[in-house]
Amino acid sequence: MELESIAVIGPTASGKTRRAVEIAKMLDGEIISADSRQLYRGMTIGTGKDLVEYGDVPYHLIDIEEPGAKYNLHRYLSDFNNAYKDIKDRGKFPVICGGTGMYVENALNGIVLPDVPENKELRESLQEKSLPELEEILRGYKVLHNSTDVDTAKRAIRAIEIEEYYKNHPEEANRTRKETATPLSTLVIGIDIPREDRRQRITRRLDARLEEGLVDEVRGLINSGVSPEDLIYYGLEYKFVTLHVVGALSYDEMRSNLETAIHQFAKRQMTWFRGMEKRGTQIHWVPWNLSDKEFKERISELIISF
């Protein structure tokens, strides 16, 4: 099988972007982001875009949406496929990079999704339910290709809405199944970072982002017309910093709660990646702290043996 692309995945703060850039430089490549929040313009510090790391390496699916907009897996796969084809058509090499496991896995598996419309009646029936109740309802569905992080009630309701649609439209549900899709020929690289190292990097990076002006970034987004509710919907930095900006949390409460939430998020990311392996994706785990020379040598070995 001919190698057509490389994906670099791993938990937050593992150094994925730097490694993806190194690979892109090795292979005359361009990067396709697989991050569900780096899509939004103006949400830069909180999402860790670190655009300076890309240098002269072209990147795609970053800063393509206005903050406050609602993006989803269906739109991501459409945008991903367009970017992938464009890169290949120009004779460049696609390097996929990101920590949003749902995006990565579905893209690599070649999944095609229909556009699921809103179900107002269903949404109204779920509106008063708690997040744990919504999670329990979601677990009742068998097909979970479109399940998402359910850290807010809105996301959980949307996930249920999608699964209910597939339940009632089995012919369209068939198009979402891995068994009937054509997967990409991709070498998947996982950045392996021990839990304690990851925790230390998360803490240092959070403090650096706060010093860089994360609170002012959120305040600026709200002043520009983005509603606090929309920012809270994005979770993590934007959820907790927004709660601080509107006066619901003190600075210390915000920082403490946010740090805990990011650690939990990293754990969920790793759970997804381990699940990908169980579902058949081969991930080649590479130590996060290899020297640049060692990393390039390891990647070259994996490419040769692909």
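Because the structure is a prediction, the values reported are computed rather than measured.

Student: Describe the overall build of the protein, naming the residues involved and giving the relevant values.
Tutor: Secondary structure summary: the protein contains 13 helices and six strands in total. The C-alpha radius of gyration computed for the protein amounts to 19 Å, which stays within 12% of the reference 19 Å derived for 306 residues, consistent with globular compactness. With the principal axes as the frame, the protein shows a C-alpha extent of 55 × 50 × 35 Å. Counting across all 306 residues of the protein, residues that qualify as buried make up 50%. The contacts in the protein between residues at least 6 apart in sequence include a share of 74% that link residues at least 24 apart. Total accessible area on the protein stands at roughly 14800 Å², and carbon and sulfur atoms take up 48% of it. Of note, the protein has its 43 positive side-chain charges centred 3 Å away from the centre of its 51 negative side-chain charges.

Student: Could you give an account of helix α8 (residues 195-212), naming the residues involved and the relevant values?
Tutor: With 18 residues, α8 extends 25 Å from end C-alpha to end C-alpha; this agrees with the ideal 26 Å at 1.5 Å per step. If you follow the buried residues of α8, they end up packed against α9 (214-223), α11 (236-245) and α12 (251-278). Once α8 finishes, Gly 213 follows within two positions and takes phi at roughly 120 degrees, a positive value.

Student: Break down the packing of aromatic side chains for me, with residues and values.
Tutor: This model, assessed by the stated rule, comprises seven aromatic pairs. Ring plane angle 70 degrees and centroid distance 5.9 Å describe the contact between Tyr 233 and Tyr 234, whose orientation is recorded as edge-to-face. On the accessibility criterion, Tyr 233 (14% relative accessible area) is buried.

Student: Tell me about the environment of Asp 35, and name the residues and values.
Tutor: On the secondary structure map, Asp 35 appears in the loop between β2 (29-33) and β3 (59-60). Sequence separation of Asp 35 and Val 104 is 69 residues, and the distance between their C-alpha atoms is 8.8 Å. With residues up to four places along the chain from it excluded, the contact list for Asp 35 reads Thr 100 and Tyr 103. Looking at Asp 35, its side chain comes within polar contact range of the main-chain nitrogen of Arg 37, at 2.9 Å. A distance of 3.0 Å separates the side chain of Asp 35 from the backbone nitrogen of Gln 38, its partner in a polar contact.

Student: Can you tell me about the nonpolar core, naming the residues and giving the values?
Tutor: Among the nonpolar cores identified, the biggest contains 61 residues, and Ile 32, Tyr 76, Phe 80, Tyr 103, Leu 231 and Met 254 are the most heavily contacted of them. Among the elements that make up this core, the one with the highest residue count is α12 (nine residues). With near-sequence residues (within four places) excluded, Tyr 103 lies in contact with Ala 34, Asp 35, Ser 36, Leu 39, Tyr 71, Asn 72, Leu 73, Tyr 76 and Leu 77. Counting 23 residues, the second largest nonpolar core, distinct from the first, contains Val 8, Ile 31, Phe 93 and Leu 302.

Rules used in this analysis
Residues numbered from 1 in each chain as written. Predicted model: local features only at pLDDT ≥ 70, side-chain atom pairs only at ≥ 80, totals over all residues. Heavy atoms only, no water. Helix = DSSP H or I, 4+ residues; strand = E, 2+ residues; numbered from the N terminus. Rg over C-alpha atoms; globule rule 2.2 N^0.38 Å. Buried < 20%, exposed > 50% of the residue type's maximum accessible area, 1.4 Å probe, protein only. Contact = heavy atoms within 4.5 Å. Areas by Shrake-Rupley, 256 points an atom, 1.4 Å probe, with all protein chains shown as cover. Lys, Arg positive; Asp, Glu negative; His and termini not counted. Charge placed at Lys NZ, Arg CZ, Asp CG, Glu CD. Expected span 1.5 Å × (residues − 1). Phe/Tyr/Trp six-rings, centres within 6.5 Å; stacked < 30°, edge-to-face > 60°. Polar contact = N/O pair within 3.5 Å; in protein donor to acceptor, adjacent residues only side chain to side chain. Core = buried A, V, L, I, M, F, W, Y, C linked by side-chain atoms within 4.5 Å.

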